[in-house]
Amino acid sequence: METIVIAEDHKLILDGYLMLINKIGDLKVVGTASDGEEAIELIEQHRPDYLILDLHMPKVNGLDVMKHINDCFLSTKVIIISMFGDSSIHRQVVRLGAKGYILKHSDSEEFLLAIDLVRNGKSYYSPAIFEEQSKVKVIPGSTPVVPMANLTSREKEILTLIAQGYTNKEIAEKLHVSHKTIDSHRTNLMKKIGVRNITGLVKYAMANGYDV
């Protein structure tokens, strides 16, 4: 069974994370930390597979916790959770190796989606970090019903790559086309499917059996 440590200094939020992770079944929480020092101690003690990390922690902040993981050559995969979607912070955590970055106002479905993608060797960064559009709102516990869109084979290929965590630049390189071409395809996909951001595209792909 894979293991995870959660570093979050607000107990009510921590309890919410625990409740969601306990639903996963094959992922065991081996420790929780209320500050950065505790997080480092737990990581050294348990060597967890994953770490949910609040950037703004007492004593030692999230960036320094990540630097410690890198300095010690630990293989723990980090998913950052923050109140803020500052793109400069995002660049820093990506450089430090974060596999995921979501915002605290994200819904439970996006939280679980990020964990699932990271556990499958991919990355997930909340679309809210890159765009000002509102996220697709989903009622907790509900299953979004999205009719099958009439997609071309190329659109299906690009949608699959988006859902697998590839960036537009990576998709363009993989398909030997321009970045603008992928941007255009992504815009058309969102129009056809009826969503407003990447989260919506990924949810659609997962709901309709794409190879995510």
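Report follows, based on the coordinates. What you see is a predicted model, and the numbers here were worked out from it, not measured in a lab.

Rules and cut-offs
- Residues numbered from 1 in each chain as written.
- Predicted model: local features only at pLDDT ≥ 70, side-chain atom pairs only at ≥ 80, totals over all residues.
- Heavy atoms only, no water.
- Helix = DSSP H or I, 4+ residues; strand = E, 2+ residues; numbered from the N terminus.
- Buried < 20%, exposed > 50% of the residue type's maximum accessible area, 1.4 Å probe, protein only.
- Contact = heavy atoms within 4.5 Å.
- Pairing = 2+ DSSP bridges.
- Axes fitted to C-alpha atoms, helices over the stretch in contact; angles between N-to-C directions.
- Right-handed = clockwise from strand over helix to strand, strands pointing away.

A look at the environment of Lys-28
Inference 1: Summarising the element assignment, Lys-28 is placed in strand β2 (residues 27-33).
Inference 2: Owing to a relative accessible area of 46%, Lys-28 belongs among the partly exposed residues under this scheme.
Inference 3: Those residues in contact with Lys-28 that lie beyond four places of it in its chain are Met-1, Glu-2, Thr-3 and Ile-4.

Examining the sheet that holds strand β6 (residues 124-125)
Inference 1: Judged by pairing direction, the sheet is parallel, and its 6 strands sit side by side in the order β2-β1-β3-β4-β5-β6 without closing on themselves. For this open sheet the edge positions go to β2 and β6, each flanked by a neighbour on one side alone.
Inference 2: Pairing of strand β4 (residues 77-82) with strand β5 (residues 100-103) involves 4 bridges; the strand directions are parallel. Note that in β5 the partner of Ile-80 across the bridge is Tyr-101.
Inference 3: The sheet strands contacting helix α5 (residues 108-119) are β1 (2-7), β2, β3 (50-54), β4, β5 and β6, and the helix crosses β4 at an angle near 160 degrees.

Observations concerning the pairing of β1
Inference 1: Across the 6 residues of β1, 5 count as buried, placing the element largely inside the fold.
Inference 2: Where β1 and β2 come together, 6 bridges link them in parallel fashion. The partner of Ala-7 across the bridge, within β2, is Ala-33.
Inference 3: Crossover handedness for the path β1 to helix α1 (residues 11-22) to β2: right-handed.
Inference 4: Note that β1 and β3 share 4 bridges and pair parallel. Bridge pairing in β3 places Ile-6 opposite Ile-52.

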